[in-house]
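Below are the chains, spelled out letter by letter.
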Amino acid sequence: MNSNLTRVQRRALCQELGGGVKLTLLFKASIHGFTGAAFHQRCDTRGPSVSVGYNSSGHVFGGYTNAPFCQSGQFVNDPKAFLFTFKEDELLKYPTTNNAYAVKMISNSGPYFGEALVLMNGGAAVTHSNPGNYYTFPAAEMHGNDLQLIECEVYQVEETTELEKPWRVVAWDSQRRKELMDSVSKYEPLSSAVSQVRVLLVGPVGAGKSSFFNSINSVFRGYVTSQAMAGCSATSLTTQFRTYSVKAGRNGKPLPIILCDTMGLEDSTGAGLDIEDINSILKGHMPDCYQFNSAAPLHSESQGYRKSPELKDKIHCVVYVLDSCKISIMPDKLEAKLSAVRRKANLLGIPQLALVTKVDEACPLVKDDLTNVYKSGYIKDLLQEVSARLGLPLSCVLPLRNYSEELELQLPVDILLLSALQQMLRFVDNYFDDYSDRLNFSEIDK
């Protein structure tokens, strides 16, 4: 059976249910019949579940219950039950207003939520809708007042199982951390004209760009520290273009990498980082500490504008930073902005990676033990979704956890952070190889 839910809708539902779960299709009315008997035959005792109705107006709506279905004729208490609909790809949730009457177990009907919403009412392909009876929702928003069903599906909610073996092999030991730190510390750019390579961090507000720098800085300092402004805010805490150099220890020499932090991208027009400012950064025109202005991007007459940037001023690798808990609900306009950045980087021959942060918050298996990150089928699916959305190979998408609440360093966190940093330097080498090739071609053309 094929699911009618889109990948984004499935992901949004799974995220709402706490992550680390999958939806298994049990019942599809177009195949099994629009009857209560067919529904109960396939779905009784198979909770928790998500029931979904589809109408010809394009609305996708339904309900979740933690209680297994049966045919007792009684109401069932379920404090976790809720109704939902989708506004484009955004999940709108309506919790039960009376736990004791959250679900009713009726034999001749489909999924029956309180007295408010029934899918396949009385054995017919129709919806019964009566908001205010143990659930409150706007009927027009829920189903557009179109009560005819063209499809009804019921999914069992199951915890994702741990993969039999990790799909990426990582050594989670102190020796590996030392190897990674040495690899980064001893790195030398392939071009003699550059002493420190420049990596640009781009992503939505709150994804963890500034926190990534703070976390890398912490690893090399040997303790958790916070230099770049980071935290929780509806708008970007970073308002300037900042270039951060990491030192090997408190009084150590700077590492051969500069992390460039930017204002967060926002989905609304005229807010957040302007795409034209990205272009100026990529080409090396933008000075450090430039104050971003969403209404007026940097131009050639702006103070500090580099009119003739050198190779050392340009960006050598672009890294997209995304919050794993928000990927499924990423607005279309925000995704379009990321695509625009990607196109500009492609035109300039700049290699790109993606970091998926907060993986411990997205999956209970990983929250229990960060070393399970490559054993989690849920995290693998999440990285594959990022790969598809950004048009990057899966090998260019890396899971991550920044330091946010700890006072001391943790080995698995360090290894993921350092592995990401090492991969950036490898991609920077690709940039210089390509740059050298282009120089050689231009010499030949002369």
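Reading the values: the criteria
- Residues numbered from 1 in each chain as written.
- Predicted model: local features only at pLDDT ≥ 70, side-chain atom pairs only at ≥ 80, totals over all residues.
- Heavy atoms only, no water.
- UniProt positions renumbered as here; feature names shortened; annotations may be inferred.
- Helix = DSSP H or I, 4+ residues; strand = E, 2+ residues; numbered from the N terminus.
- Disulfide = S-S within 2.5 Å.
- Contact = heavy atoms within 4.5 Å.
- Axes fitted to C-alpha atoms, helices over the stretch in contact; angles between N-to-C directions.
- Parallel < 35°, antiparallel > 145°, perpendicular 65-115°, else oblique.
- Left-handed = near helix turned anticlockwise from the far one by under 90°.
- Nonpolar A, V, L, I, M, F, W, Y, C, P; charged D, E, K, R; others polar.
- Buried < 20%, exposed > 50% of the residue type's maximum accessible area, 1.4 Å probe, protein only.
- Polar contact = N/O pair within 3.5 Å; in protein donor to acceptor, adjacent residues only side chain to side chain.
- Phe/Tyr/Trp six-rings, centres within 6.5 Å; stacked < 30°, edge-to-face > 60°.
- Lys NZ or Arg CZ within 6 Å of the ring centre and 35° of its normal.
- Pairing = 2+ DSSP bridges.

Draft legend 1. Molecular detail of the UniProt feature "domain: TLDc" (unreviewed entry) in the chain. Annotation from UniProt places "domain: TLDc" (unreviewed entry) at residues 1–158. Split by type, residues 1–158 is 17% helix and 35% strand. Its first and last C-alpha atoms lie 18 Å apart.

Draft legend 2. View of the state of the cysteines. In the structure shown here, the tally under the stated rule is zero disulfides. Here Cys-152 is not cross-linked by a disulfide; its sulfur's nearest cysteine counterpart is in Cys-43, at 8.4 Å. Here Cys-317 is not disulfide-linked; the sulfur of Cys-396 is the nearest cysteine sulfur, at 9.1 Å.

Draft legend 3. Inspection of the environment of Glu-162 at higher detail. Note that Glu-162 resides in the loop between β11 (149–159) and α5 (174–185). Along the primary structure Glu-162 and Tyr-378 are separated by 216 residues, whereas in three dimensions their C-alpha atoms are 8.9 Å apart. Beyond its immediate chain neighbours, meaning those up to four positions away, Glu-162 contacts Leu-365, Asn-372 and Lys-375.

Draft legend 4. Region of the structure containing the packing of helix α7 (residues 275–283) against helix α8 (residues 332–347). At their nearest, the axes of α7 and α8 sit 10 Å apart, and the two run at 30° to each other. With respect to each other, α7 and α8 are oriented roughly parallel. In the packing of α7 onto α8, the handedness of the crossing is right-handed. Between α7 and α8, the residues in contact are Ile-275, Glu-276, Ile-278, Asn-279 and Leu-282 and Lys-337, Ala-340, Val-341, Lys-344 and Ala-345, respectively. Taken together, the residues that form the contact of α7 with α8 break down as six nonpolar, one polar and three charged.

Draft legend 5. Region of the structure containing helix α3 (residues 36–43). Three or more residues of α3 are buried, namely Gly-36, Ala-38, Phe-39, His-40 and Cys-43. Once α3 ends, the next one or two residues include Thr-45, with phi positive near 70°.

Draft legend 6. Region of the structure containing the side chain of Gln-352. By the element assignment, Gln-352 lies in strand β17 (residues 352–357). Assessed through its relative accessible area of 5%, Gln-352 is described here as buried. Among the polar contacts listed, one links the side chain of Gln-352 to the side chain of Asn-346, at a separation of 2.8 Å. At 3.0 Å, the side chain of Gln-352 and the backbone oxygen of Ile-350 are in polar contact. Setting aside residues up to four positions removed in sequence, Gln-352 forms contacts with Val-318, Tyr-320, Arg-342, Ala-345, Asn-346, Leu-392, Cys-396 and Phe-427.

Draft legend 7. Expanded view of the packing of aromatic side chains. One pass over the structure, following the stated rule, counts 13 aromatic pairs. A ring pair is formed by Tyr-101 and Tyr-134, whose centres lie 4.8 Å apart and whose planes are at 15°; its orientation type is stacked. Of this pair, Tyr-101 sits in the loop between β6 (90–95) and β7 (103–104) while Tyr-134 sits in the loop between β10 (127–129) and α4 (139–143), and the two are 33 residues apart along the sequence. Taking the relative accessible area as the measure of exposure, Tyr-101 reaches 33% and is therefore partly exposed. Grouped by ring-pair contacts, the aromatic residues Tyr-64, Phe-82, Phe-84 and Phe-86 constitute a single cluster. Across the ring face of Tyr-378, the terminal group of Arg-11 is positioned such that the distance to the ring centre comes to 5.2 Å. Its end group placed over the ring of Phe-82, Lys-93 keeps NZ or CZ at 4.9 Å from the ring centre.

Draft legend 8. Quick peek at the pairing of strand β1 (residues 21–28). Counting buried positions along β1 gives six out of eight residues, so the element sits mostly inside the fold. Across seven bridges, β1 lies against β11 in antiparallel orientation. Across the sheet, Phe-27 pairs through a bridge with Val-154, a residue of β11.

Draft legend 9. Representation of the sheet that holds β10 in the model. The antiparallel open sheet is built from three strands, whose spatial order is β8-β9-β10. Since the sheet does not close on itself, it has two edges, and those belong to β8 (112–113) and β10, each with one partner. One ladder, built from three bridges, connects strand β9 (residues 117–119) with β10; its direction is antiparallel. Of the residues in β10, the one forming a bridge with Leu-117 is Ser-129.

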